[in-house]
Amino acid sequence: MFVVATAGHVDHGKSTLVRALTGIEPDRWDEEKRRGLTIDLGFAWTTTPAGHEVSFVDVPGHERFLGNMLAGIGPAPVVCFVVAADEGWCRQSDDHRDAIAALGIEHGLIAISRADLAPDRVPAVTAQVRDELKDTGLRDAPIVPVSAVTGAGLGELLVELDAALGAVPKPPDDSRIRFWIDRSFTIRGAGTVVTGTLSAGTLRPEEHLLLAGAHGSQEVTVRGVQQHGSAVASAGPVNRVALNLRSPGADAIHRGDVLLTPGAWQLSALLDVRRTTGSGLDDAAAEVVVHLGTAAVPARLRPFDQETARLTLSHPLPVTIGDRIILRNNGSQRIACGVQVLDVDPPALRRRGDGRRRAAVLHGADPSGDARSEAARRGAVRSVDLQRLGIAVPGRPADGLRSDGDWWIDEHALRAWADRLRGAVDADRARNPLSPGLSHKAAADAIELPDVSLLAAVVREAGLVLRGPLVTTQQQPADLGPAEAAVSALESRLRAEPFTAPEADELTALGLGRRELAAAERTGRLLRLDGGVVLLPTAPALAMRELATLPGPFTTSQARGALRTTRRVAIPLLEHLDARGWTKRLDAGHRVVVR
Ligand SMILES: Nc1nc2c(ncn2[C@@H]2O[C@H](COP(=O)(O)OP(=O)(O)OP(=O)(O)O)[C@@H](O)[C@H]2O)c(=O)[nH]1
Ligand SMILES: [Mg+2]
């Protein structure tokens with residue numbers, strides 16, 4: 001299935017040709033029929049001799065309707081360029097050629113129409129057309145003289161059309177949806193209907209999509225899908241599709257609005273672009289109209305130089321890196337140039353010289369996007385964000401990239417974060433020798449990490465460890481700073497009497513509060529048991545040595561005797577031994593040593 005847009009100067013016979021090929025009248029409006037002039041897009045379809053289903057989007061040639069023409073050709077990947085034999089190449093032929101060049105259209109064919117009116121001129125016009133199209137993707141396209149009136153050449157035109165369609169790459173039918181709306185209307189009983197050219201992806205009933213336009217965006221549901229007037233279970237690319245929507249009324253939806261896979265597109269009003277065709281950007285007007293898909297959006301152009309510029313759109317569009325955009329000077333019906341989108345989330349320009357520096361970056365930018373430079377710029381980027389920006393996700397870590405879960409991390413950034421994190425942990429320790437470490441959030445904030453889920457990778461790179469909710473060093477420092485002397489004194493006392501735990505007032509006198517004791521425990525200097533009992537970490541093993549000498553099951557009071565301690569110490573100590581599985585409680589009064 002294919003969609004072919006017409007192109008060519010006003011009155012050169014585009015609509016007549018479409019009608020002759022399809023039997024369908026593309027001029028829908030009475031005014032068009034009366035004036036013999038296409039004003040808005042027309043639609044017709046047929047099946048070619050080779051069995052290709054082809055929809056035609058017939059565009060107006062008149063310069064006043066250039067906007068309509070661009071909306072027709074924008075989402076259509078194949079063009080039928082019409083030049084009248086009797087008039088030859090004309091002014092809007094120029095415009096339409098420029099549009100084709102700007103959009104990077106590479107497939108199509110050329111009809112030398114009205115050949116019956118000037119058969120002698122066909123060779124000259126053919127040569128002229130070849131020359132005019134030599135810098136476009138249609139440079140080698142077949143040229144066929146035809147007459148829609150006598151029917152001459154129509155068969156050959158269809159043969160060439162089939163050949164051209166055979167060369168068109170099949171777009172993916174599983175990609176994210178960006179369905180540019182070209183018409184919206186209301187059908188009694190059905191409600192809101194929108195139409196457009198589906199250039200990639202698949203549309204199905206009951207699908208939820210995001211409707212985005214000049215007035216913001218909202219979720220809508222597809223009620224039904226139609227192709228060429230019949231309901232279908234799904235529609236794939238490339239096709240003319242009508243969607244019945246459960247949504248606001250048709251009068252709230254306009255050409256240029258777009259239906260999107262929710263969450264899959266970056267809606268951006270700020271774009272950095274590089275010129276692909278037409279005159280230099282320095283020469284373009286400051287106020288331009290951006291044509292993308294069926295949208296025509298006013299924008300401010302800030303050229304960095306002749307080749308690169310920043311566009312600020314009057315409202316955000318779903319753009320992706322590599323998109324081709326047509327720029328028209330505001331108020332003019334001529335195409336100024338074509339540009340390609342290189343960045344849909346560009347950095348702010350603040351300092352003097354930022355524009356110049358930006359231009360240098362854009363000159364070297366890859367128009368298909370580059371995961372590595374994207375990661376370098378942000379430090380790290382998620383696969384989903386790469387996809388949203390239109391950048392191919394690397395199959396495996398490219399040079400200079402580290403993958404961590406869904407993240408692609410720039411190695412320079414990773415090292416820099418790791419250095420800073422080590423510094424932050426050291427600084428914290430210097431400020432407070434008893435600090436257990438930094439919380440995840442404090443650590444991420446200290447190094448300005450874009451997302452806390454990157455922390456584990458940075459901690460690993462830094463040779464630090466995540467201990468529960470904290471980032472800390474692998475080895476805890478032996479010295480407890482101001483608490484060192486008191487802990488040392490307590491240690492030597494406990495070495496002499498391992499089960500004589502200090503009383504609360506003794507700890508207070510030593511200046512050992514909760515924080516100090518916690519730090520001493522973390523560093524393996526002391527062991528804290530329930531009830532505020534503080535012993536050496538060796539106490540449980542020492543206790544086991546004593547308890548093992550007791551014959552058979554023992555009572556708490558026997559244990560107390562063996563350890564020469566009080567109930568206050570014995571009970572939490574025995575519970576600690578139970579928990580370690582070194583002793584086992586038999587009943588309320590007895591325990592055994594587990595051997
Ligand atoms: N003799 C002859 N006349 C033709 C032929 N094709 C188109 N015409 C006439 O040329 C005039 C313009 O044809 P259209 O098909 O309306 O031209 P168009 O390119 O669609 O014009 P716009 O949509 O306004 O740009 C009409 O009067 C047609 O009858 C042809 O092959 N032979
Ligand atoms: Mg027409």
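Residues numbered from 1 in each chain as written. Chains lettered and ligands numbered in written order. Predicted model: local features only at pLDDT ≥ 70, side-chain atom pairs only at ≥ 80, totals over all residues. Heavy atoms only, no water.

For the rest of this paragraph, the subject is the overall build of the protein chain. Along the protein chain, the regular secondary structure elements total 18 helices and 29 strands. Against the compact-globule benchmark of 25 Å for 595 residues, the protein chain has a radius of gyration of 38 Å, which places it well outside the compact range. If one aligns the C-alpha atoms of the protein chain with their principal axes, the spans along those axes are about 125 × 55 × 40 Å. Evaluated residue by residue, the protein chain yields a buried proportion of 50% over its 595 residues. Nonlocal contacts in the protein chain, meaning residues at least 24 apart in sequence, comprise 66% of its contacts between residues at least 6 apart. Carbon and sulfur atoms make up 50% of the accessible area of the protein chain, which amounts to about 26,200 Å² in all. Where the 70 positive side-chain charges of the protein chain centre and where its 73 negative ones centre are 7 Å apart. (Helix = DSSP H or I, 4+ residues; strand = E, 2+ residues; numbered from the N terminus. Rg over C-alpha atoms; globule rule 2.2 N^0.38 Å. Buried < 20%, exposed > 50% of the residue type's maximum accessible area, 1.4 Å probe, protein only. Contact = heavy atoms within 4.5 Å. Areas by Shrake-Rupley, 256 points an atom, 1.4 Å probe, with all protein chains shown as cover. Lys, Arg positive; Asp, Glu negative; His and termini not counted. Charge placed at Lys NZ, Arg CZ, Asp CG, Glu CD.)

With an omega of -20 degrees, the peptide bond between Pro237 and Val238 qualifies as cis. Its place among the elements puts Val238 in the loop between strand E11 (230-232) and strand E12 (239-246). Although it is not a glycine, His228 adopts a positive phi angle of roughly 50 degrees.

The next point concerns the environment of Trp407. Summarising the element assignment, Trp407 is placed in strand E22 (residues 407-410). Residues Trp407 and Ser453 lie 46 residues apart in sequence; the distance between their C-alpha atoms is 9.1 Å. Within the local environment of Trp407, its side chain forms a polar contact with the side chain of Ser453, the two groups lying 2.9 Å apart. (Polar contact = N/O pair within 3.5 Å; in protein donor to acceptor, adjacent residues only side chain to side chain.)

Bound to the magnesium ion (ligand 2) are the protein donor atoms Ser15 (OG) and Thr38 (OG1), situated 1.9 to 2.0 Å from the metal. Of the two residues, Ser15 is situated in helix H1 (residues 14-22) and Thr38 in the loop between helix H2 (30-35) and strand E2 (42-47); the sequence distance between them amounts to 23 residues. Each member of the pair, Ser15 together with Thr38, is buried. (Donors = N, O, S within 2.8 Å, 3.2 Å for Na, K, Ca; no water.)

Attention shifts here to the packing of aromatic side chains. Taken as a whole, this structure holds one aromatic pair when the rule is applied. Here the aromatic rings of Phe81 and Trp89 are separated by 5.4 Å at their centres, their planes lie at 5 degrees, and the arrangement is stacked. One exposure class covers both Phe81 and Trp89, and it is buried. Taking NZ or CZ as reference, Arg176 lies 3.6 Å from the ring centre of Trp265, over its face. Taking NZ or CZ as reference, Arg580 lies 4.6 Å from the ring centre of Trp582, over its face. (Phe/Tyr/Trp six-rings, centres within 6.5 Å; stacked < 30°, edge-to-face > 60°. Lys NZ or Arg CZ within 6 Å of the ring centre and 35° of its normal.)

On to the environment of Trp582, then. Mapped onto the fold, Trp582 is located in the loop between helix H18 (567-580) and strand E28 (583-585). When the C-alpha atoms of Trp582 and Ala541 are compared, they prove to be 9.3 Å apart, with 41 residues separating the residues in sequence. Sequence-distant contacts of Trp582, defined by excluding residues within four places in its chain, comprise Pro540, Ala541, Met544, Leu577, Val593 and Val594.

As paired strands, strand E9 (residues 208-213) and strand E10 (residues 216-227) are joined by six bridges and run antiparallel to one another. Looking across to E10, one finds that Leu210 is bridged to Glu219. Linking two consecutive strands that pair antiparallel, namely E9 and E10, is a turn of two residues. Bridging between E10 and E12 involves five bridges; their strand directions are antiparallel. Each bridged residue has a counterpart across the sheet, and for Gly224 the counterpart in E12 is Asn244. (Pairing = 2+ DSSP bridges.)

Okay, the nonpolar core next. The biggest cluster of nonpolar side chains holds 38 residues, and the ones touching the most others in it are Leu271, Leu311, Ile325 and Leu327. The residues contacting Leu271, other than those within four sequence positions of it, are Ala309, Arg310, Leu311, Leu313, Val319, Ile325, Val341, Asp343, Val344 and Pro346. Counting 37 residues, the second largest nonpolar core, distinct from the first, contains Leu41, Ala99, Val125 and Ile143. (Core = buried A, V, L, I, M, F, W, Y, C linked by side-chain atoms within 4.5 Å.)

Turning our attention to the pattern of salt bridges. In total, this model carries 40 salt bridges according to the counting rule given. Residue Glu87 is joined to Arg114 by a salt bridge in which the shortest nitrogen-to-oxygen separation is 3.5 Å. Taken together, the residues Glu87 in the loop between strand E4 (78-84) and helix H4 (91-103) and Arg114 in the loop between strand E5 (107-113) and helix H5 (122-132) connect sequence positions 27 residues apart. A salt bridge links Asp94 to Arg97; the shortest N-O distance between them is 3.2 Å. Taken together, the residues Asp94 and Arg97, both in helix H4 and three residues apart, mark about one turn of the helix. One network of salt bridges, in which partners are shared, links Asp272, Arg310, Asp343, Asp345, Arg358, Glu374, Arg377 and Arg378. (Salt bridge = Lys/Arg side-chain N within 4 Å of Asp/Glu carboxyl O.)

Here we come to the packing of H1 against helix H6 (residues 154-166). The packing of two helices is summarised by the inter-axis angle and the distance between the axes. Where H1 meets H6, the closest approach of the two axes is 11 Å, and the angle between their N-to-C directions is 85 degrees. If you check the angle between H1 and H6, you find them roughly perpendicular. Within the contact between the two elements, H1 uses Leu17, Ala20 and Leu21 and H6 uses Leu154, Leu157 and Leu158. Classifying every residue of the contact of H1 with H6 gives six nonpolar, no polar and no charged. (Axes fitted to C-alpha atoms, helices over the stretch in contact; angles between N-to-C directions. Parallel < 35°, antiparallel > 145°, perpendicular 65-115°, else oblique. Nonpolar A, V, L, I, M, F, W, Y, C, P; charged D, E, K, R; others polar.)

To continue, consider the sheet that holds strand E21 (residues 401-404). Pairing is antiparallel in the open sheet, where three strands are placed in the order E20-E22-E21. The open sheet has two edge strands with one neighbour each: strand E20 (380-382) and E21. Geometrically, the sheet is characterised by an average inter-axis angle of 25 degrees between neighbouring strands, direction not taken into account. With four bridges joining them, E21 and E22 adopt antiparallel strand pairing. Residue pairing for E22: Arg402 is matched across the bridge by Ile409.

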